[in-house]
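Single-letter residue listing:
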Amino acid sequence: MSRRILEHPVLGNLQDNKYISFTFNNKNYEGLESESIAAALLANGIRTLRYHEESGSPRGIYCNIGHCFECRVTVNGTQGVRACLTPLQAGMVIESGGKLPTPVRDWSAENE
Amino acid sequence: MNDVIIVGAGPAGLSAGITCAKKGLGVLIIDEYMKPGGRLLGQLYEEPNGSWWNGIQESTSLYEHAVDLGIQFQLNTPVNNIEKLDQSWVIYTDKHTFNTDHLLLATGAAESPVPVPGWTLPGVMSVGAAQVMTNVHRVKPGERGVIIGVNVLSAAIAMELQLAGIDVACLTLPKLNKITKNAAQPKDVLESLLHVSHMAPSPLIRFGSKLMKNDFMKKMGVTFYPKEGVKMWDIPIQLRKAVINIYGDGEVEGITSATIDANGEVVSGSEENIACDFVCIAGGLYPLTELAAVAGCPFYLIDELGGYVPLHNERMETTLDGLYVAGNITGIEGAKVAIAQGVTAGLSIAENAGISGLDVDIQHSIQSIELTRDKAYIQFHPEVKKGKRILKEQWKEYERSVKKLVH
Ligand SMILES: Cc1cc2nc3c(=O)[nH]c(=O)nc-3n(C[C@H](O)[C@H](O)[C@H](O)COP(=O)(O)OP(=O)(O)OC[C@H]3O[C@@H](n4cnc5c(N)ncnc54)[C@H](O)[C@@H]3O)c2cc1C
Ligand code: FES
């Protein structure tokens, strides 16, 4: 089933259909040029954009307009890019951030 | 150096830019979003006369008008900081630094979060996020959603989701806790719903709103409210049930709701699960004011306007020389009011930039804001006019104190 809303009773039908390729976590996908990265991924059924730095829990978009920073991904090597604000371009390499080590906390948990 | 720089290409920023450009000023509009139009882009509702307010069309026509007038745009460009140096404003972005004598902040509003257990699961989003996915990007936020939070915006967006063929299982409330206090009280929610009742085809809500004009009746209304809720646009609204948890393995799979009594407490044993693949949280809007705060504007907390607003006068001037505000940064209202405020801000800027003979126009534009406010179809706060009066008093107070300092 298509996740794109191609027909709409008031907004009309979608004409824009220039699909381009990009990768997300090393897999190939297609999206519309200049749509947001978050929209392109959701259209491909992908909700999880990153894993929380400390807990490792999965995270997706929350506000979708640039306010909450929940949607940060790495784009062509640049970290902390907001997927909801960034237009998709052909050949983009997009990656999720993951859990980071917490050596100080781990150490204190073991030694206190 | 630009004559005028505007942060925010929403309805307020665009209309202010157009007004300035028509007076011959050189305008640059900066916005971090990829498209011009701000939150107007996602808006879609039927007006009382049967025509549709189509935010994408409205945004496009404002933008095209602006481009025709030679206004320059920097999209995809977040403004990180502003400061005043040597009598002029400096605007900092990731790549460039801009300068101007007249800076308008038209940064709009943001949604208040409402923490609900499980709300970090992918598939949980603010109700505005679902609106933008659906109407602007034309991607379904999911096949079947639950909306937590019953207010003007969530009611309007529920209808928009349905219009796009997305199933809305129900509108419901978050469980009462310290932060969600007002949004979770059935009585308070009913009160706020009185102000969307004209939008509701359901006779029960229309009838109900007349019944519930006084406090006692409102309590009765909640107590006698059918457990399965009433329907608005065929969507059940559950005022006696609250979401106590959002569950799912790695993604949203459903919510658990439970019956709450008229005081907002959970009736134990009443828990039930509702399957869905997305959840929207609707906590209401507040003015997005960081840049005005960084600049050093004095602020007032005015609930009727949605939160803290920078002190400004009817001409949209702040207390800082060359710094103006317009749109939802001055209080939460609809896009038509934002457009009207943009005109006033634009005229004030033009006058302060040395164009004479604008006094009558400015007075007219201020009246036109009032008229637009009176006719507003969607009103976010019933007492918005009271909020504006409070602010006006504060401005007078400020002027008196400045005069004292000078003398
Ligand atoms: C999620 C959401 C949904 C809404 N839905 C409706 C609705 O359905 N109906 C309705 O009547 N009203 C709605 N509103 C209210 C809306 O705020 C007004 O209708 C109107 O759009 C306000 O216009 P504005 O120009 O003040 O701000 P906005 O339209 O919000 O435009 C502000 C612009 O400023 C930009 N911006 C903000 N900060 C920065 C920065 N630091 N750097 C660069 N750019 C920046 C933003 O990207 C945005 O494009 C909604 C508001 C929100 C937040
Ligand atoms: S989803 Fe909130 S910043 Fe992108």
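Just so you know, these numbers come straight off a predicted model, no measurement behind them.

## Quick notes on the overall build of chain A
- Within chain A, the secondary structure is distributed over 2 helices and 7 strands.
- Along chain A, helices and strands appear, N-terminal first, in the series β-β-α-β-β-β-β-β-α.
- Computed over C-alpha atoms, the radius of gyration of chain A comes to 17 Å, more than 25% over the 13 Å expected from 2.2 N^0.38 for 112 residues, which places it beyond the range of a compact globule.
- Judged by the C-alpha coordinates and their principal axes, chain A covers about 65 × 30 × 25 Å.
- Relative to its 112 residues, chain A shows a buried fraction of 46%.
- Pairs at least 24 residues apart make up 43% of the contacts formed inside chain A by residues separated by at least 6 positions.
- Positive and negative charge centroids in chain A, built from 11 and 12 side chains respectively, lie 3 Å apart.

## Quick notes on the confidence of the model for chain B
- Chain-level pLDDT for chain B is 88 on average; 85% of the residues reach the 70-or-more range.
- Residue range residues 197–226 of chain B is modelled with pLDDT below 50. Its contacts to residues more than four positions away, or to other chains, number 45 contacts.

## Comments concerning the site of ligand 1
Residue and element names in this part refer to chain B.
- In the vicinity of ligand 1 lie 33 residues, with Asp31, Arg39, Gln43, Val79 and Asn328 positioned nearest.
- A distance of 2.9 Å is found between a nitrogen atom of ligand 1 and a backbone nitrogen or oxygen belonging to Val79.
- Between ligand 1 and the protein, one listed contact pairs an oxygen atom with a side-chain N or O atom of Asn328 at 2.6 Å.
- Contributing elements (two or more residues each) for the shell around ligand 1: helix H1 (11–22), strand S9 (109–111), helix H3 (127–136) and helix H10 (335–352).
- Classifying every residue of the shell around ligand 1 by side-chain character gives 16 nonpolar, 12 polar and 5 charged.

## Focus: the packing of aromatic side chains
- Scanning the model with the defined rule gives 5 aromatic pairs over all chains in all.
- Seen from their ring centres, Tyr62 of chain A and Trp119 of chain B are 5.7 Å apart, and the 75° between their planes marks the pair as edge-to-face. A residue pair is termed interchain when its members come from two chains, as with Tyr62 of chain A in the loop between strand S4 (58–59) and strand S5 (72–75) and Trp119 of chain B in the loop between S9 and strand S10 (124–126).
- Residue class for Trp119 of chain B comes out partly exposed when judged on its relative accessible area of 26%.

## Here we look at the packing of helix H11 (residues 359–375) of chain B against helix H12 (residues 384–406) of chain B
All names here are of chain B.
- Direction vectors running N to C along H11 and H12 enclose 150°, while the axes themselves pass 11 Å from each other. One finds that H11 runs roughly antiparallel with respect to H12. Contacts between H11 and H12 involve Glu370, Arg373 and Asp374 on the former and, on the latter, Val384, Lys385 and Lys388.
- Along the lines of polarity and charge, the residues of the contact of H11 with H12 split into 1 nonpolar, no polar and 5 charged.

## Examining the interface of chain A and chain B
- Contact residues are listed per partner, giving 38 residues for chain A and 42 residues for chain B.
- Counting across the chain A and chain B interface gives 1 salt bridge.
- When the shortest N-O distance is used, the salt bridge between Glu32 of chain B and Arg82 of chain A registers 3.3 Å.
- Of the residues assigned to the side of chain A that touches chain B, the class counts are 19 nonpolar, 12 polar and 7 charged.

## Re the side chain of Asn2 of chain B
- Positionally, Asn2 of chain B belongs in strand S1 (residues 2–7).
- If near-sequence neighbours (up to four positions away) are discounted, Asn2 of chain B is found in contact with Gly26, Leu28, Gln72, Asn99, Thr100 and Asp101 of chain B.

## Quick look at the nonpolar core
- Counting 74 residues, the largest nonpolar core has Phe22 and Ile94 of chain A together with Ile246 of chain B as the members making the most contacts within it.
- Mapped onto the domain boundaries, this core takes at least three residues apiece from domain 1 (2–111 + 285–406) and domain 2 (124–281) of chain B.
- Ignoring any residue separated from it by four or fewer positions in sequence, one finds Phe22 of chain A in contact with Lys27, Asn28, Tyr29, Glu30, Gly31, Ala40, Leu41, Asn44, Leu88, Gln89, Met92 and Ile94 of chain A.
- One finds Leu25, Trp53, Val337 and Ile362 of chain B within the second-largest nonpolar core, a separate group that totals 40 residues.

Definitions and limits used
- Residues numbered from 1 in each chain as written.
- Chains lettered and ligands numbered in written order.
- Predicted model: local features only at pLDDT ≥ 70, side-chain atom pairs only at ≥ 80, totals over all residues.
- Heavy atoms only, no water.
- Helix = DSSP H or I, 4+ residues; strand = E, 2+ residues; numbered from the N terminus.
- Rg over C-alpha atoms; globule rule 2.2 N^0.38 Å.
- Buried < 20%, exposed > 50% of the residue type's maximum accessible area, 1.4 Å probe, protein only.
- Contact = heavy atoms within 4.5 Å.
- Lys, Arg positive; Asp, Glu negative; His and termini not counted.
- Charge placed at Lys NZ, Arg CZ, Asp CG, Glu CD.
- pLDDT = per-residue confidence, 0-100.
- Near = heavy atom within 4 Å.
- Polar contact = N/O pair within 3.5 Å; in protein donor to acceptor, adjacent residues only side chain to side chain.
- Nonpolar A, V, L, I, M, F, W, Y, C, P; charged D, E, K, R; others polar.
- Phe/Tyr/Trp six-rings, centres within 6.5 Å; stacked < 30°, edge-to-face > 60°.
- Axes fitted to C-alpha atoms, helices over the stretch in contact; angles between N-to-C directions.
- Parallel < 35°, antiparallel > 145°, perpendicular 65-115°, else oblique.
- Salt bridge = Lys/Arg side-chain N within 4 Å of Asp/Glu carboxyl O.
- Core = buried A, V, L, I, M, F, W, Y, C linked by side-chain atoms within 4.5 Å.
- Domains from an automatic or database assignment.

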